[in-house]
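Close look at the chain arrangement
The lines below spell out each chain.
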Amino acid sequence: MPSNISTTTEARIIDGKAIATAIRAEVKEQAQAFTSRTGIRPRIVFILVGTNPASEVYVRNKGTTSRESGFDSETIRYDESVSEFELLQKIAALNADPLTHAILCQLPLPKHISEEHVIEAIDPAKDIDGFHPVNIGRLSIGKGDYFAPCTPAGIMEMMIREGIETSGKHVVIVGRSNIVGKPLAALLVQKAAGANAVVTLAHTGAGSRLPEFTRSADILIAAMGVPHAITRDMVAPGAVVIDVGMNRISDPSKPSGTRLTGDVDYDEVKFVASRITPVPGGVGPMTIAMVMKNTLLAAERQKG
Ligand code: GUN
């Protein structure tokens, strides 16, 4: 085909897996330097309650990656029936243990355990999830030592490394969760390099007006947990689209009968967006890379 005839253009794929691999290699090198300098190995403890299959996979992956990064890692498992008291006692012991630098309690927890109590029990200096109110508060203020939650931090890092300009851009986030939407909005509005965006935090309250908001985005971030909710007509031509969705849907063509899919109708949206993240292989690997980065940071801070 002559080079001056173009076919329908497709968005450039943002390869989160490759970016995450690079970050993990950097963290591994920095962890080696830290350990040879101090004689201390960063140590992360994962707490897993019950047998939620998705949580099992996430914790297994984070444990494997921790060991690959040169960290010491342990997973403490509890039966679904564990009491909140027992869990809080374990967290208190880990807070007091100078050899443990990072504590990650995988959510969701069984209904009889208060996630708030658990999150608030973790020492903010070891809360590498960045869920403790002290960390969230400092993130909102933009000052002091804090940990940014790993998925929002991974999205920020991904945009910086991809050379996606956010300053003065209109970023529309769909989804107001405490884990993604709200902290991501707080990071993006900071007056800082890699941020300084004008942010709209959209959610179910937008109702039928949602497409009106999403179409005004230079950068659209889908984090509502609804498969394929962002359709082609909701995206402005040339927008950057970041898909945080991790939805397991039925797919009889797969041996497992299911597959992972995002919140974006990728096969259609790729024809209007300028860049797009795939699911899997987009935001997911970035989250794990940021768990590693935050764990090393926690160890460095606790060393003093
Ligand atoms: N469940 C879903 N995402 C997360 C996360 O980032 N951290 C924890 N602890 N639990 C989760």
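Owing to the predicted nature of the structure, the values given are computational and were not obtained by experimental measurement.

**What about the packing of helix 6 (residues 150–161) against helix 10 (residues 283–303)?**
Each pair of packed helices can be described by the angle between their axes along with the distance between the axes. Where helix 6 meets helix 10, the closest approach of the two axes is 8 Å, and the angle between their N-to-C directions is 105 degrees. Considered as vectors, helix 6 and helix 10 are oriented roughly perpendicular to each other. Residue-level inspection shows C150, T151, A153, G154, I155, E157 and M158 of helix 6 in contact with helix 10, the latter providing V283, M286, T287, M290, V291, K293 and N294. When its residues are assigned to classes, the contact of helix 6 with helix 10 shows 8 nonpolar, 4 polar and 2 charged.

**Focus: unusual backbone geometry**
In this structure, P108 follows L107 across a cis peptide bond, with omega equal to 5 degrees. Looking at where P108 falls in the secondary structure, it is placed in the loop between strand 4 (102–105) and helix 4 (115–121). Along the chain, V279 connects to P280 via a cis peptide bond; the corresponding omega equals -5 degrees. Although it is not a glycine, N196 adopts a positive phi angle of roughly 55 degrees. Tracing the backbone shows N196 in the loop between helix 7 (181–188) and strand 6 (198–202).

**Observations concerning the site of the ligand**
As a matter of local geometry, the ligand sits amid L104, C105, Q106, L107, D129 and F131. Between Q106 and the ligand, the recorded distance is 3.3 Å, taken from a side-chain N or O atom to a nitrogen atom. Summarising the interface, the protein chains cover 82% of the accessible area of the ligand, which totals 280 Å² for the free molecule. The residue inventory of the shell around the ligand, partitioned by class, reads 4 nonpolar, 1 polar and 1 charged.

**Points about the nonpolar core**
Grouped together as the largest cluster of nonpolar side chains are 52 residues, with contacts concentrated most on I128, I155, M159, L188 and I221. When near neighbours in sequence (up to four residues on either side) are disregarded, I221 contacts I155, V171, V172, I173, V174, L184, L188, I242 and V244. By size, the runner-up hydrophobic cluster in this structure holds 19 residues, among which are A202, A222, V235 and V269.

Criteria and thresholds
Residues numbered from 1 in each chain as written. Predicted model: local features only at pLDDT ≥ 70, side-chain atom pairs only at ≥ 80, totals over all residues. Heavy atoms only, no water. Axes fitted to C-alpha atoms, helices over the stretch in contact; angles between N-to-C directions. Helix = DSSP H or I, 4+ residues; strand = E, 2+ residues; numbered from the N terminus. Parallel < 35°, antiparallel > 145°, perpendicular 65-115°, else oblique. Contact = heavy atoms within 4.5 Å. Nonpolar A, V, L, I, M, F, W, Y, C, P; charged D, E, K, R; others polar. Near = heavy atom within 4 Å. Polar contact = N/O pair within 3.5 Å; in protein donor to acceptor, adjacent residues only side chain to side chain. Areas by Shrake-Rupley, 256 points an atom, 1.4 Å probe, with all protein chains shown as cover. Core = buried A, V, L, I, M, F, W, Y, C linked by side-chain atoms within 4.5 Å. Buried < 20%, exposed > 50% of the residue type's maximum accessible area, 1.4 Å probe, protein only.

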